[in-house]
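Residues per chain are reported as follows:
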There are 2 protein chains.
Amino acid sequence: MDAKVIWQGRMSFNGRADSGLDIPLGTDPSVGGDNDGARPMELFAIGLAGCTAMDVISILQKKRMGVTEFEVQAHVERADEHPKVFTHIVLEYVVYGHEIKEDAVVRAIELSATRYCPAHAMMEKVCPIEIKYHIYEEKDGGDRSLVVSGEFTP
Amino acid sequence: MDAKVIWQGRMSFNGRADSGLDIPLGTDPSVGGDNDGARPMELFAIGLAGCTAMDVISILQKKRMGVTEFEVQAHVERADEHPKVFTHIVLEYVVYGHEIKEDAVVRAIELSATRYCPAHAMMEKVCPIEIKYHIYEEKDGGDRSLVVSGEFTP
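Here the structure is a predicted model, which is why all the values come from computation and not from measurement. (Residues numbered from 1 in each chain as written. Chains lettered and ligands numbered in written order. Predicted model: local features only at pLDDT ≥ 70, side-chain atom pairs only at ≥ 80, totals over all residues. Heavy atoms only, no water.)

A few words now on helix α1 (residues 40-62) of chain A. Between its terminal C-alpha atoms α1 of chain A stretches 34 Å, which fits the 33 Å expected from 23 residues at 1.5 Å a residue. The positive-phi residue at the C-terminal boundary of α1 of chain A is arginine 64 of chain A, with phi of around 55°. (Helix = DSSP H or I, 4+ residues; strand = E, 2+ residues; numbered from the N terminus. Expected span 1.5 Å × (residues − 1).)

A few words now on the relation of the copies chain A and chain B. With an RMSD of 0.0 Å, the fit of chain A onto chain B corresponds to turning through 180° and sliding 0.0 Å along the axis. On this basis, the relationship between the two copies can be described by a two-fold rotation axis. When the interface residues of chain A are mapped onto chain B, 100% of them again fall at the interface, so both copies present the same face. (Least-squares fit on C-alpha atoms with pLDDT ≥ 70 in both. Contact = heavy atoms within 4.5 Å.)

Quick look at the environment of tyrosine 136 of chain A now. Residue and element names in this part refer to chain A. Mapped onto the fold, tyrosine 136 is located in strand β6 (residues 129-138). Taking the relative accessible area as the measure of exposure, tyrosine 136 reaches 24% and is therefore partly exposed. Considering only alpha carbons, one finds tyrosine 136 and isoleucine 100, 36 residues apart in sequence, at a separation of 8.1 Å. With residues up to four places along the chain from it excluded, the contact list for tyrosine 136 reads Val94, Val95, Tyr96, Gly97, Arg144, Ser145, Leu146 and Val147. (Buried < 20%, exposed > 50% of the residue type's maximum accessible area, 1.4 Å probe, protein only.)

For side chains of opposite charge, pairing can occur when their charged atoms come near one another. This model, assessed by the stated rule, comprises 14 salt bridges over all chains. If you follow the salt bridges from partner to partner, you end up with Glu69, Glu138 and Arg144 of chain A in one network. (Salt bridge = Lys/Arg side-chain N within 4 Å of Asp/Glu carboxyl O.)

Turning our eyes to something else, we now look at the side chain of arginine 39 of chain B. Mapping arginine 39 of chain B onto the fold places it in the loop between β3 (23-25) and α1 (40-62). Every residue in contact with arginine 39 of chain B, bar those within four places of it in the chain, is listed here: Ser19 of chain A together with Gly26, Thr27 and Asp28 of chain B.

Now the structure itself:
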């Protein structure tokens, strides 16, 4: 896999990898930037959430779970001193749908964390990763009710 | 730092972190995707290249080097088996400008790699990272000539 970032002046860059999508990178005015793109370290958090999210939705669909909405959040703590590495990550999976089985969700997350997701395998060498999940029942009329929440460390 | 990815159907997600930039994530049709966004693992490579690129351009500008163009490439090898983690990274820095000093470029890269860049500090826990650099002299009329190339491991 190849990626590159091309300087656009000041602290702005354009990033691109094999898939061809242009990703503007920028930084904060307090460090000379123009707030005109993603911060590089944000891409690690989005990449981690996206990588495991693709595993989990793929597994839940194979198990014919009726997922209607789904998101994964990454909550990241970083060191105060340079280099400001990640020191703690909480991955929070939120699943909406009809009669979603908790054990199917837990098993899908476990499979991603321990077998399939390269981002998880790489980041757990950097810092601890905790898992939280919430399953909501989607009701007629658009209402939703929380069925169950849980947390574990894979 | 918080990030999240929201499911858009099939294998497509929209990613966003604190800076607010929307980053579409997608995957290959061979694994059920629609090729409609960046692959999650590409974000790690772009994030790494972008993080160190911001350090290096910032240092070179403080040293009043006359940089006219600048890019950083990340060449990544990955494991064949799941989870397909990064196994080797080459970071290649290409600097164009007027009378750019090699020792300034090398020192800027070293400072990023060993002190400032969280992405480098995190990824070197995952796999070896090699550095290559090329410095070009920008001539009148737009011609360029390679002045020097080098490589090292920080």
